[in-house]
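Close look at the chain arrangement
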Amino acid sequence: MSMEILILIKLLAAHFLADFCFQSPSLVKKKREGNHRFHLLHACIHAMLAYVFLGDWKLWYVPLTIGVSHYVIDVWKSRREESLTDFIIDQLLHLSVLILLWLTITKQFVTGWDTIKEALNNQTIWIYITGFIFILKPTSIFISVATKKWGDDREAEDNHSLKNAGQWIGYLERILVLVFMCLSVYEAIGFILAAKSIFRFGELKEASDLKKTEYIMIGTFLSFTITILDGLIIRCLVR
């Protein structure tokens with residue numbers, strides 16, 4: 001492993017430890033209440049952990065940058081309602097700071113920009129990106145439209161499921177299937193299908209659930225068929 005990659009891993013390790021392992025529920029509660037002393041304490045833990053992990057005392061600007069940026073970002077987040085979107089934005093901002101610091105420490109701004117430009121002009125990368133985008137919303141909408149006439153029949157009966165749970169299950173299963181297709185691990189696709197069938201068996205074993213069973217099977221097989229075809233097209237284009 002090169003020294004440049006090791007520096008990035010150390011920065012990430014310090015972040016994950018300080019943000020998730022060393023942050024107690026009581027500390028999180030105090031921060032959400034707007035207690036700035038606890039924001040400052042948390043930011044200092046991040047800064048010092050990264051400094052110790054790097055072990056290069058000449059890099060004084062690393063703990064300073066991490067501490068200040070973490071404090072500002074966390075104060076902003078504490079003033080908003082807790083949501084998945086805010087959590088993702090919060091983590092992306094923190095990670096962006098770490099990546100910029102890493103590029104500064106390793107003096108890879110020019111190399112990094114050249115790598116990004118090369119990636120943006122790489123045909124294989126764009127084939128994969130387009131393939132994965134296709135199996136998300138476009139495919140989800142197509143399956144929804146294709147099964148709408150059966151879904152309307154049972155919509156009134158089905159009021160016990162989580163909101164949008166089926167949509168997210170579909171996203172995740174198609175991502176997994178496409179990843180396994182790209183890696184040529186075809187047996188894992190059968191495992192996903194079998195696992196989904198087992199989890200659904202308990203709620204679909206009654207004869208009265210025949211319509212629901214057929215509706216789910218149509219959606220599942222349609223989802224798998226589209227994803228597998230997408231994977232085959234990606235493999236052909238990449239080759």
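Our subject is the structure listed above.
The structure reproduced in this document is the subject of the present report. (Residues numbered from 1 in each chain as written. Predicted model: local features only at pLDDT ≥ 70, side-chain atom pairs only at ≥ 80, totals over all residues. Heavy atoms only, no water.)

1. Structural notes on the overall build of the chain
The helix and strand tally for the chain stands at 12 helices and zero strands. Mapped from its N terminus to its C terminus, the chain presents α and β elements in the order α-α-α-α-α-α-α-α-α-α-α-α. Here the chain, with 239 residues, has 32% of them falling under the buried criterion. Counting only carbon and sulfur atoms, one obtains 69% of the accessible surface of the chain, whose full area is about 15,700 Å². (Helix = DSSP H or I, 4+ residues; strand = E, 2+ residues; numbered from the N terminus. Buried < 20%, exposed > 50% of the residue type's maximum accessible area, 1.4 Å probe, protein only. Areas by Shrake-Rupley, 256 points an atom, 1.4 Å probe, with all protein chains shown as cover.)

2. Topic: the layout of surface pockets
The gaps of empty space that remain are located by a probe, the size of a water molecule, rolled over the atoms. Each pocket or cavity is described by its volume, and for the second largest pocket that value is around 300 Å³. Considering the residues around the second largest pocket, the lining is formed by 19 residues, among which Gln23, Val28, Lys31, Arg32 and Lys77 are closest to the centre. Broken down by secondary-structure element, the contributors of at least two residues to the lining of the second largest pocket are α1 (3-21), α2 (25-32), α3 (36-54), α4 (61-78) and α5 (84-106). Residue contributions to the lining of the second largest pocket peak at four residues, all from α5. (1 Å grid on protein atoms, 1.4 Å probe; cavity = no way out; pocket = protein on both sides within 12 Å on 5 of 7 lines; lining within 4 Å. Points joined across faces, edges and corners; volume = space filled by probe spheres on them.)

3. Here's the deal with the side chain of glutamate 173
By the element assignment, glutamate 173 lies in helix α10 (residues 165-182). Once residues within four sequence positions are removed from consideration, glutamate 173 is found in contact with Lys196, Thr220, Ser223 and Phe224. (Contact = heavy atoms within 4.5 Å.)

4. Brief notes about α5
Relative to the 33 Å expected for 23 residues at 1.5 Å per residue, α5 spans 33 Å between its end C-alpha atoms, a close match to the ideal helical length. One or two residues past the end of α5 sits lysine 107, with phi positive at roughly 55 degrees. (Expected span 1.5 Å × (residues − 1).)

5. A closer look at empty space enclosed by the protein
The final tally for this structure, using the stated rule, is one cavity of 30 Å³ or more. Together, Leu11, Ala14, His15, His46, Ala50, Ile66, Ser69, His70, His94, Val97 and Leu98 line the largest cavity. Listing elements by their share of the lining of the largest cavity, those giving two or more residues are α1, α3, α4 and α5. Of the residues in the lining of the largest cavity, the class split is six nonpolar, five polar and no charged. (Nonpolar A, V, L, I, M, F, W, Y, C, P; charged D, E, K, R; others polar.)

6. Looking at the nonpolar core
With 17 residues, the main nonpolar core has Ile7, Leu11, Leu54, Val62, Ile66, Trp102 and Ile105 as its most contacted residues. Among the elements of the structure, α1, α3, α4 and α5 are those that each provide at least two residues to this core. Here this core takes six residues from α5, the largest share from any one element. With residues near it in sequence (within four places) discarded, leucine 54 still touches Ile7, Lys10, Leu11, Leu59, Val62 and Ile105. Residues Val177, Met181, Ile189 and Phe224 belong to the second largest nonpolar core, which totals five residues. (Core = buried A, V, L, I, M, F, W, Y, C linked by side-chain atoms within 4.5 Å.)

7. Side note on unusual backbone geometry
With a phi angle near 60 degrees, serine 184 is a residue other than glycine that sits in the positive phi range. By secondary structure assignment, the location of serine 184 is in the loop between α10 and α11 (186-204). In this structure serine 184 comes out as partly exposed when scored by relative accessible area, which is 33%.

8. Some points on the packing of α1 against α5
Orientation of α1 relative to α5, taken along the N-to-C sense of each, is 150 degrees, at an axis distance of 10 Å. In terms of orientation, α1 lies roughly antiparallel with respect to α5. Crossing angle aside, the handedness with which α1 passes α5 is right-handed. On α5, the residues that touch Glu4, Ile5, Ile7, Leu8, Leu11, Leu12, His15, Asp19 and Phe20 of α1 are Phe87, Asp90, Gln91, His94, Leu95, Leu98, Trp102, Ile105 and Thr106. The residue inventory of the contact of α1 with α5, partitioned by class, reads 11 nonpolar, four polar and three charged. (Axes fitted to C-alpha atoms, helices over the stretch in contact; angles between N-to-C directions. Parallel < 35°, antiparallel > 145°, perpendicular 65-115°, else oblique. Left-handed = near helix turned anticlockwise from the far one by under 90°.)

9. Digging into a nonpolar patch on the surface
Taken together, Phe16, Phe20, Leu84, Phe87, Ile88 and Leu92 make up a surface patch of nonpolar side chains, about 580 Å² in accessible area. Elements that contribute at least two residues to the nonpolar patch include exactly α1 and α5. If you trace the backbone, leucine 84 turns up in helix α5. The exposure class of leucine 84 is exposed, given its relative accessible area of 60%. (Patch = residues over 30% accessible without salt bridge, like charges linked within 9 Å, V, L, I, M, F, W, Y side chains within 5 Å. Salt bridge = Lys/Arg side-chain N within 4 Å of Asp/Glu carboxyl O.)

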